[in-house]
Amino acid sequence: EAQVTQNPRYLITVTGKKLTVTCSQNMNHEYMSWYRQDPGLGLRQIYYSMNVEVTDKGDVPEGYKVSRKEKRNFPLILESPSPNQTSLYFCASSLDAGATRLGPQYFGPGTRLTVT
Amino acid sequence: AQRVTQPEKLLSVFKGAPVELKCNYSYSGSPELFWYVQYSRQRLQLLLRHISRESIKGFTADLNKGETSFHLKKPFAQEEDSAMYYCALTSGNQFYFGTGTSLTVIP
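Presented here is an overview of the structure given in this document. Please read these numbers as outputs of a predicted model, since none were measured by experiment.

The final tally for this structure, using the stated rule, is 13 aromatic pairs over all chains. A ring pair is formed by Y31 of chain A and F95 of chain B, whose centres lie 5.8 Å apart and whose planes are at 65 degrees; its orientation type is edge-to-face. Taken together, the positions of Y31 of chain A in strand β4 (residues 31-38) and F95 of chain B in strand β10 (residues 94-97) put the pair across two chains. The two residues Y31 of chain A and F95 of chain B agree in class, both being buried.

Now the structure itself:
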């Protein structure tokens, strides 16, 4: 089944404790992206990747890191989480990349992160 | 700069009534616009893509470049349409989402 998976689905952590949220897709998509969803603010793009070893900042990259060592995986890293990073996080992937227009995105199930 | 605006946070309609969810955008080039839907406890999924001009689940959306709008419409709302709807635009290599409209269809 074609899908985007994220782990963990729920995470409660404390300020400053490094964490990683994994994202994997099995559709051979070039484009992958991370979003956070907050009430009243909708979805905001954190980072995106056009292909392996190519990553760029989105609208709200502060406090986050990503890596794209393999085409299928795009982990989100919070080196020192803070309470304002408490949010619902979505990973997404899309087929089109490069010179063509970006195609529709396929979303993961979401990871609810609470930082105390 | 705000690229996608959804002016209604909440929208309630009666079953069988027409529904229109508004989306306005700001973009200088030729936009690529989408509508995504998020049902309760489910992931976001694509509903419509303007370039395909399809009708999905009875919903349609027309790109109006003069008014910079991409409103989502359905002539007869169903209870299963109750969900969160997001309008989105691609600009370069990024996606921009509106703040979403929560639609409730009253039986």
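V19, L21, W35, L47, L72, Y85 and L103 of chain B are the most contacted members of the largest nonpolar core, which totals 25 residues. Secondary-structure elements contributing two or more residues to this core are β2 (10-14), β3 (19-21), β5 (32-38), β6 (45-49), β9 (83-91) and β11 (101-106) of chain B. Residue contributions to this core peak at 4 residues, all from β9 of chain B. Counting 19 residues, the second largest nonpolar core, distinct from the first, contains V21, M32, W34 and Y89 of chain A.

Here the focus is the state of the cysteines. A complete count under the given rule lists 2 disulfides over all chains for this structure. At a sulfur-sulfur separation of 1.8 Å, the disulfide partner of C23 of chain A is C91 of chain A. Negative torsions about the S-S bond denote left-handed disulfides, and the value of about -75 degrees found for C23 of chain A with C91 of chain A makes this one left-handed. In this pair, C23 of chain A is assigned in strand β3 (residues 19-25) and C91 of chain A in strand β9 (residues 87-94), connecting sequence segments 68 residues apart. Comparing C23 of chain A with C91 of chain A shows no difference in burial state: the two are buried. Shown here is the disulfide that connects C23 of chain B with C87 of chain B, its sulfur atoms set 2.0 Å apart. Its S-S torsion of approximately -65 degrees makes the covalent link between C23 of chain B and C87 of chain B left-handed. One end of the pair, C23 of chain B, is in the loop between β3 and β4 (24-25); the other, C87 of chain B, is in strand β9, and 64 residues separate them in sequence. Accessibility classification places C23 of chain B together with C87 of chain B in one group, the buried group.

Let us look at the environment of C87 of chain B. Taking relative accessible area as the criterion, C87 of chain B reaches 0% and is therefore assigned buried. In the structure, C87 of chain B is positioned 83 residues away from V4 of chain B in sequence and 7.1 Å away in space, judged by C-alpha atoms.

Turning to the pattern of salt bridges, a few remarks are in order. Residue and element names in this part refer to chain A. Per the counting criterion, the structure on display carries 9 salt bridges over all chains. With its nearest N and O atoms 3.9 Å apart, the salt bridge here joins E79 to K18. One end of the pair, E79, is in the loop between β8 (76-78) and β9; the other, K18, is in the loop between β2 (10-13) and β3, and 61 residues separate them in sequence. In this structure E79 comes out as partly exposed when scored by relative accessible area, which is 37%. Judged by relative accessible area, which is 52%, K18 ranks as exposed. Three or more residues joined by partner-sharing salt bridges are found here, namely K18, K65 and E79.

Time to look at the interface of chain A and chain B. At the junction of the two partners, chain A supplies 24 residues and chain B supplies 21 residues. In this structure, the connection of chain A to chain B is made through 0 salt bridges. Seen at the junction of chain A and chain B, the total is 7 residue pairs in polar contact (both at pLDDT 80 or more). Contributing elements (two or more residues each) for the side of chain A that touches chain B: β4, β5 (42-51) and β10 (105-107) of chain A. Counting residues per element, the side of chain A that touches chain B draws most heavily on β5 of chain A, at 5 residues.

Conventions adopted
- Residues numbered from 1 in each chain as written.
- Chains lettered and ligands numbered in written order.
- Predicted model: local features only at pLDDT ≥ 70, side-chain atom pairs only at ≥ 80, totals over all residues.
- Heavy atoms only, no water.
- Phe/Tyr/Trp six-rings, centres within 6.5 Å; stacked < 30°, edge-to-face > 60°.
- Helix = DSSP H or I, 4+ residues; strand = E, 2+ residues; numbered from the N terminus.
- Buried < 20%, exposed > 50% of the residue type's maximum accessible area, 1.4 Å probe, protein only.
- Core = buried A, V, L, I, M, F, W, Y, C linked by side-chain atoms within 4.5 Å.
- Disulfide = S-S within 2.5 Å.
- Salt bridge = Lys/Arg side-chain N within 4 Å of Asp/Glu carboxyl O.
- Contact = heavy atoms within 4.5 Å.
- Polar contact = N/O pair within 3.5 Å; in protein donor to acceptor, adjacent residues only side chain to side chain.

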